[in-house]
Each structure stands twice: as structure tokens, then as C-alpha cells.
Amino acid sequence: MKSKRVLLVSHELSLSGGPLLLMELAFLLRSVGAEVCWITNHKPSETDEVIYSLENKMQHRGVQVLPAKGREAINRALKADLLVLNTVMAGKWLDDVLKENVPHVLPKVLWWIHEIQGHYFQLEYVRHLPLVAAAMIDSHVAAEYWKTGTRDYLRIKMPDTYVVHLGNSKDLMDIAEDSVAKRVLREHVRESLGVRDEDVLFAMINSVSRGKGQDLFLQSFYESLQLIIQKKLRVPSMHAVIVGSDMTAQPKFESQLRDFVRVKKIQDRVHFVNKTLTVAPYLAAIDVLVQNSQAGECFGRITIEAMAFQLPVLGTAAGGTTEIVVNGSTGLLHPTGKEGVTPLAKNIVTLATNVHRRLTLGKTGYEKVKETFLEHHMAHRIATVLKEVLQKAKSHPKL
């Protein structure tokens, strides 16, 4: 990729998984000497502190940030050796901006898809998908989902599709393997939450939305507290933390979460933390990660990040989570929907009452991360795809 011109197109710039992954790719490409430009197709009209901070971070690392529309964007796309469209909705940028130039760029487009929800099967987003050089998807489950969905519902064919499991960044692994840093972070976060060192802390670290399942998690957490009382179990005080709170993004849903906590009188046990770019302090502070996505994650980066911190994972048996969490070995799986509330509650009780089980699951998860889910693993997998796409694009004339 040295000296190659790469244009990255993201439908948004935020603290969610897709944009952050594309940023990591931008930095990896810069580290090997590629010329990298970034375009955000959808930006709020008003100044956003998160966007401002992330754009500054990219520019500081040598990534050029361009306006989504205009002659410069078109020229960059036509002259690029490679375009990466990030997420399904980035596809609208092709028609909105490139217009009659779309056919010229499709042979050098790599479409990185992170979604696994049915409402993205819309022709307005993906009508050009069959003609791009390749698609890259984060899990085998999601790849099969897209293959059958595009065929059965849209009557279009997927391009050559590569499955690329993600990996943890070196920065995160450095913290995860530094016992002193973890202890300091654990003490700081727990003190800020009012949680003692001996308390058992379960966490969801996702953007707050119904699809991520925070509501069902809180129901399970409450049910687990009732089970402990009914069975007269002796366990340390249990707490739950929702990391990813944002009342401006999902005000109705988040209000429902907080109302549930208040009605059930568990305000002293449930904590809400605003969305953050820095998840390491919370991974250092908690004892168990809960991955409760209801449609299933396409992959679920936070899952392998938790495993790097030797945390067991309680995950839904859906989507890419099933390719990461080995039930009974690195975590425990439960069904999606209301049917999963009681099984998750029982799994919460199991791990709250068995320190040895928590530690064993966490240690096995860490070993799996070291074997499969590191940054250099992901970089190697992506490099293989980029090589294939560049070879396909060689015959495409530069304009």
C-alpha cells in the first residue's frame, strides 16, 4: 500500500464501532506510507465536539479530511487507487456526489459492511453492491446473512466477499496486560461509581438503543437479584453499569431504562455512564461483560476487548458473537428476546456466586484473543483483501 492513494468514505463520524474501525484502518494505511483521505457523508449542521476531536486526531496522524461533496471529493475518488465505503449507508454517497462518475470508481471500491439488521436491505443503499470490486464483512454469520438477504429480498448478487474478523489495537492490549495500570483504573472507576472492590460489577458497553438490549439486560439483572434472595445465596453486592448513555440520541428509550431502575428501586445498584471513546478504564473496573445485542452483532469488537482484559462474556447466541464466545469456555450464551431474560439472569447468578468460574472463563478468553484477535492478525487479514482489490483495480484507467 506504500504511496497508494486511498479514499475512505464513512456515512458518519462518531464514537460508534464502524467509524472507529475505519479510523484504525486509516492509521494502519498511513503507517505503511499510503496517502489517505477521509470523507464523512453525513455530518450535523452544527459544530459537534466529538466530530471536531476525531477529525483533529486524524489530521494529526496524517489523514486528510475532505468535504463530502464538491469537485475535490470527485477528483479524489477518480484518482484514488482504492476507495473504502464503510457501512451500508455510505453507499448513498456514490449517487449523491459522484453521480455520472459512479461507473468509473466501482471497480476499485471495497465495501466494508458492519451491519446485520434487515432494515439495511434497501436498494437505495446497495444497488451498486454487485459491481464493486469486493465486500468485506466482519463475520461468517453476517456474510451469509447478506448473501441470502440480497438474493431473496433485493434480487441482486453480492460481489466477491471476504470475511475479516477484527482484532484488538496494540494500545488496548498494552493496558490489558499492565497489571498496575489496570489496578489504578479499576480503583478510579469504582470509586467514581460508588462500587467497592469486593462488589461484583456487570456491564454493558454499547451505544444505548433497543437493538443493543439494555432494557432486557436490566430486567435480567433485577431478576438475578430476586433469585439470590429467593435462594438465600451469599454473594457480594452486585452492580450493573450501562456505558454508552446519551439522552440526546435515544431520549425515550433511555428514559424507559431509568424509569425501570427507579420503579424497581435499584438505583443504588445500576449506574449510567455517558458514551466514551475510552473503554479501557471500564473494562479494567468490571468483572463481567454482557453483550446483549438482540439482532446479533456483526462481530462485536467490545467482546474481544473484554476478553483481552480476562473478562468472561455473557452474550446472546446470535450474530458474530457466536464466532467469538465459546459457550462454557470463554463465556456463557443466552437466547435473544424475552426468552433470554431468565437464562441471562441465571448466568448472572452463576458468575456472581463463582469467582473461580469467572476467572477460568476470562483466562481462556484471553488466550483466544492472543491466538486470533490481535491487531496484527486483523492487519494481515485486511492486507490479503486489499491485495486482491488492488489487483482487480489495475485495469481501471485513472482519470
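Residues numbered from 1 in each chain as written. Predicted model: local features only at pLDDT ≥ 70, side-chain atom pairs only at ≥ 80, totals over all residues. Heavy atoms only, no water.

**Side note on the side chain of Thr-303**
Working step 1: Relative to the helices and strands, Thr-303 resides in helix H13 (residues 301–308).
Working step 2: With a relative accessible area of 0%, Thr-303 lands in the buried category. (Helix = DSSP H or I, 4+ residues; strand = E, 2+ residues; numbered from the N terminus. Buried < 20%, exposed > 50% of the residue type's maximum accessible area, 1.4 Å probe, protein only.)

**Quick word on helix H2 (residues 49–60)**
In an α-helix, one full turn covers 3.6 residues, which means residues spaced three or four apart are oriented alike.
Working step 1: With twelve residues, H2 extends 16 Å from end C-alpha to end C-alpha; this agrees with the ideal 16 Å at 1.5 Å per step.
Working step 2: Residues Ile-51, Leu-54, Glu-55 and Met-58 constitute the buried set of H2. Viewed end-on, H2 has its buried residues packed into an arc of 100°, placing them on one side of the element. Facing away from the buried side of H2, by more than 90 degrees, are the exposed residues Glu-49, Tyr-52 and His-60.
Working step 3: Looking at the buried residues of H2, the elements they touch are helix H1 (17–31), strand E2 (35–40) and strand E3 (64–66).
Working step 4: With a side-chain oxygen lying 2.8 Å from the backbone nitrogen of Val-50, the N-terminal cap of H2 falls on Asp-48.
Working step 5: Looking at the residues trailing H2, positive phi occurs at Gly-62, about 90°. (Expected span 1.5 Å × (residues − 1). Arc of directions from axis to C-beta. Contact = heavy atoms within 4.5 Å. Polar contact = N/O pair within 3.5 Å; in protein donor to acceptor, adjacent residues only side chain to side chain.)

**Thoughts on the sheet that holds E3**
Working step 1: Pairing is parallel in the open sheet, where seven strands are placed in the order E3-E2-E1-E4-E5-E6-E7. What marks the edges here is a single partner per strand, and that holds for E3 and strand E7 (161–163). Averaged over all pairs of adjacent strands, the angle between strand axes in this sheet comes to 25°, irrespective of strand direction.
Working step 2: Relative to the sheet, helix H16 (residues 375–393) contacts strand E4 (82–86), strand E5 (109–113), strand E6 (134–137) and E7, its axis offset from that of E5 by approximately 145°. (Pairing = 2+ DSSP bridges. Axes fitted to C-alpha atoms, helices over the stretch in contact; angles between N-to-C directions.)

**So, the environment of Met-173**
Working step 1: Turning to its location among the elements, Met-173 is positioned in helix H8 (residues 170–176).
Working step 2: The class for Met-173 is buried, based on a relative accessible area of 6%.
Working step 3: Each C-alpha atom, one on Met-173 and one on Phe-309, is 8.2 Å from the other, the two residues being 136 residues apart in sequence.

**Quick word on the nonpolar core**
Working step 1: Counting residues in hydrophobic clusters, the biggest one holds 68 residues, and the most contacted among them are Leu-110, Trp-112, Ile-205, Leu-283 and Phe-309.
Working step 2: By residue number, the principal contributor to this core is H1, which donates eight residues.
Working step 3: Two domains each put at least three residues into this core: domain 1 (5–167 + 376–395) and domain 2 (170–373).
Working step 4: Other than its neighbours up to four places away in sequence, Trp-112 contacts Leu-21, Leu-22, Leu-25, Val-84, Leu-85, Asn-86, Thr-87, Met-136, Asp-138, Leu-166 and Ile-382. (Core = buried A, V, L, I, M, F, W, Y, C linked by side-chain atoms within 4.5 Å. Domains from an automatic or database assignment.)

**Some remarks on the side chain of Asp-81**
Working step 1: The topology assignment puts Asp-81 in the loop between helix H3 (71–79) and E4.
Working step 2: Among the polar contacts listed, one links the side chain of Asp-81 to the backbone nitrogen of Arg-5, at a separation of 2.7 Å.

**Thoughts on the domain arrangement of the protein**
Working step 1: In terms of domain boundaries, the protein breaks down into domain 1 (5–167 + 376–395) and domain 2 (170–373).
Working step 2: Inter-centroid distance (C-alpha atoms) of domain 1 to domain 2 is 30 Å.
Working step 3: When domain 1 packs against domain 2, close to 1500 Å² is buried across both sides, 62% of that on carbon and sulfur atoms.
Working step 4: Broken down residue by residue, the surface that domain 1 buries against domain 2 is led by Leu-15, Leu-166 and His-377, which jointly contribute 31%.
Working step 5: Taken together, the connections running from domain 1 to domain 2 amount to one salt bridge.
Working step 6: When the shortest N-O distance is used, the salt bridge between Glu-24 and Arg-301 registers 2.8 Å. (Buried area = accessible area lost by both parts, 1.4 Å probe. Salt bridge = Lys/Arg side-chain N within 4 Å of Asp/Glu carboxyl O.)

**Some thoughts on the sheet that holds strand E8 (residues 200–205)**
Working step 1: Here six strands make up an open sheet; going across it, the order is E10-E9-E8-E11-E12-E13 and the pairing parallel. Among the strands making up the open sheet, the edge pair consists of strand E10 (270–274) and strand E13 (331–334). On average, adjacent strands in this sheet sit at an angle of 20° to one another, irrespective of strand direction.
Working step 2: One ladder, built from six bridges, connects E8 with strand E9 (residues 238–245); its direction is parallel. In the sheet register, Ile-205 faces E9, and the bridge partner there is Val-243.

**A few points about the packing of aromatic side chains**
Working step 1: Here the structure, examined in full by the defined rule, presents three aromatic pairs.
Working step 2: When the centroid spacing of 6.3 Å and the interplanar angle of 85° are considered together, the rings of Tyr-222 and Phe-260 count as edge-to-face. Of this pair, Tyr-222 sits in helix H10 (residues 214–230) while Phe-260 sits in helix H11 (residues 251–263); the two residues are 38 residues apart in sequence, bridging distant segments of the chain.
Working step 3: Judged by its relative accessible area of 22%, Tyr-222 falls in the partly exposed class.
Working step 4: A centroid spacing of 5.8 Å and a plane angle of 75° characterise the contact between Phe-299 and Phe-373, whose relative ring orientation is edge-to-face. Taken together, the positions of Phe-299 in the loop between strand E11 (288–291) and H13 and Phe-373 in the loop between helix H15 (355–372) and H16 put the pair 74 residues apart, joining distant regions of the chain.
Working step 5: The class for Phe-299 is buried, based on a relative accessible area of 2%.
Working step 6: In this arrangement the basic side chain of Arg-61 is found over the ring face of Phe-27, its NZ or CZ atom lying 4.0 Å from the centre.
Working step 7: Sitting over the ring of Phe-272, Arg-258 keeps its end group 4.3 Å from the ring centre. (Phe/Tyr/Trp six-rings, centres within 6.5 Å; stacked < 30°, edge-to-face > 60°. Lys NZ or Arg CZ within 6 Å of the ring centre and 35° of its normal.)

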